[in-house]
Amino acid sequence: MDPEGALSPDVVQARSVLAAARRIAVLSGAGISAESGVPTFRDAGGLWEGRSPESLATPGAFAREPAEVWRFYRRRIEALAGVAPNAGHRALAELERRCERFWLLTQNVDGLHATAGSRNVVELHGTLSTLRCVHCGRRSSARETLAGLPDDRLPTCGACGGLLRPDVVWYGELLPDHALAVAAEAISRCQVMLVVGTSGVVQPAASFAASARAAGARIVEVNPERTPISPLARPSLRGTAATLLPLLVGSGAPAAEP
Ligand code: OAD
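Tracing the chain through its elements places P228 in the loop between strand 8 (218–222) and strand 9 (236–237). Separated by 156 residues in the primary sequence, P228 and F72 have C-alpha atoms spaced 28 Å apart. Setting aside its immediate chain neighbours within four residues, P228 contacts S199, G200 and V201.

Turning to helix 10 (residues 241–249), a few remarks are in order. Within helix 10, 9 of the 9 residues are buried, which leaves the element mostly enclosed by the surrounding structure. Those residues of helix 10 lying buried are A241, A242, T243, L244, L245, P246, L247, L248 and V249. Lining the buried residues of helix 10 we find helix 1 (9–20), helix 5 (87–97), strand 7 (192–196), strand 8 and strand 9. The positive-phi residue at the C-terminal boundary of helix 10 is G250, with phi of around 70°.

For the rest of this paragraph, the subject is the sheet that holds strand 5 (residues 139–141). Strand order in the open sheet formed by 3 strands is 5-4-6, with antiparallel pairing between adjacent strands. Every interior strand has two partners, whereas the edge strands, strand 5 and strand 6 (164–168), have only one. Adjacent strand axes in the sheet meet at a mean angle of 45° when their direction is disregarded. Pairing of strand 4 (residues 126–133) with strand 6, which is carried by 4 bridges, proceeds in the antiparallel orientation. The partner of C133 across the bridge, within strand 6, is L164. Contacting strand 4 and strand 6, helix 4 (residues 66–80) runs over the sheet at an angle of about 130° to strand 4.

Another aspect to go through is the pairing of strand 7. Among the 5 residues in strand 7, 5 count as buried, and that is most of the element. The alternating pattern of strand 7 places V192, L194 and V196 on one face and M193 and V195 on the opposite face, and all of these are buried. Pairing between strand 1 (residues 23–28) and strand 7: 5 bridges, direction parallel. From the neighbouring strand, A25 faces strand 7, where its bridge partner is M193.

Procedures and definitions
Residues numbered from 1 in each chain as written. Predicted model: local features only at pLDDT ≥ 70, side-chain atom pairs only at ≥ 80, totals over all residues. Heavy atoms only, no water. Helix = DSSP H or I, 4+ residues; strand = E, 2+ residues; numbered from the N terminus. Contact = heavy atoms within 4.5 Å. Buried < 20%, exposed > 50% of the residue type's maximum accessible area, 1.4 Å probe, protein only. Pairing = 2+ DSSP bridges. Axes fitted to C-alpha atoms, helices over the stretch in contact; angles between N-to-C directions.

In short, the description is geometric, and any link to function would need to be established separately.
Quick look at the structure:
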């Protein structure tokens, strides 16, 4: 029996594009972790519902209302304790194992790509696994620092007593130099950029696909919804990460294709 017989032509095309590529970059966003139970930002019920992202995830908001910003981040950090990678994360780890060069550029701060076994992961927006002192810059484990800390207390640095903040990139802040350097390398060298689960509206990541395409890469997209990146992609697949990525990578039995 033809193993590809039950797949749509677009899925078959995406599979062969990925199978033929030796250098692949992936750009992932909140959607890849949705099926692990981590809410996205902009879908219904998303993290920012009721408040705009800019109102909490900024240095200005942290200076004005640190308790409110911390309440929001504490909830997110504590919620991560119970989540695990899904079939989409695992398929990307498998894809990396068979590539000559592979870059996983993620906007996510949940650490699930690394837990799934991905190795060359660049966390463009930082991580929720560590906290950073606003005075001396010392980093500490988020879970250990927050464990047992009363809800009405703000975490402080064990070295200098300064206020700790989540080790993430906020609106108005620059992405880490290292992350931008690796992204530039991926954009200029990849043959295929696979874009998964991002609404494609937050810069600079939102421009990566256009830059990679301008440099000669083929763009493939996986997202249940159309995005501003969809017109660049051949193909742009409508479906979820945990359903489609295993089909594209050929890494185990997925749920039925939508
Ligand atoms: P968004 O919440 O903006 O978009 C999530 C995307 O995932 C949408 O396009 C959904 O259609 C798609 N999606 C939902 N469920 C999916 C699934 N099961 N499989 C695949 N895709 C699915 O998240 P991001 O684009 O990651 O930045 O947001 C970018 C940045 O905006 C975040 O990193 C964060 C936020 O503000 C900072 O905090 C700096």
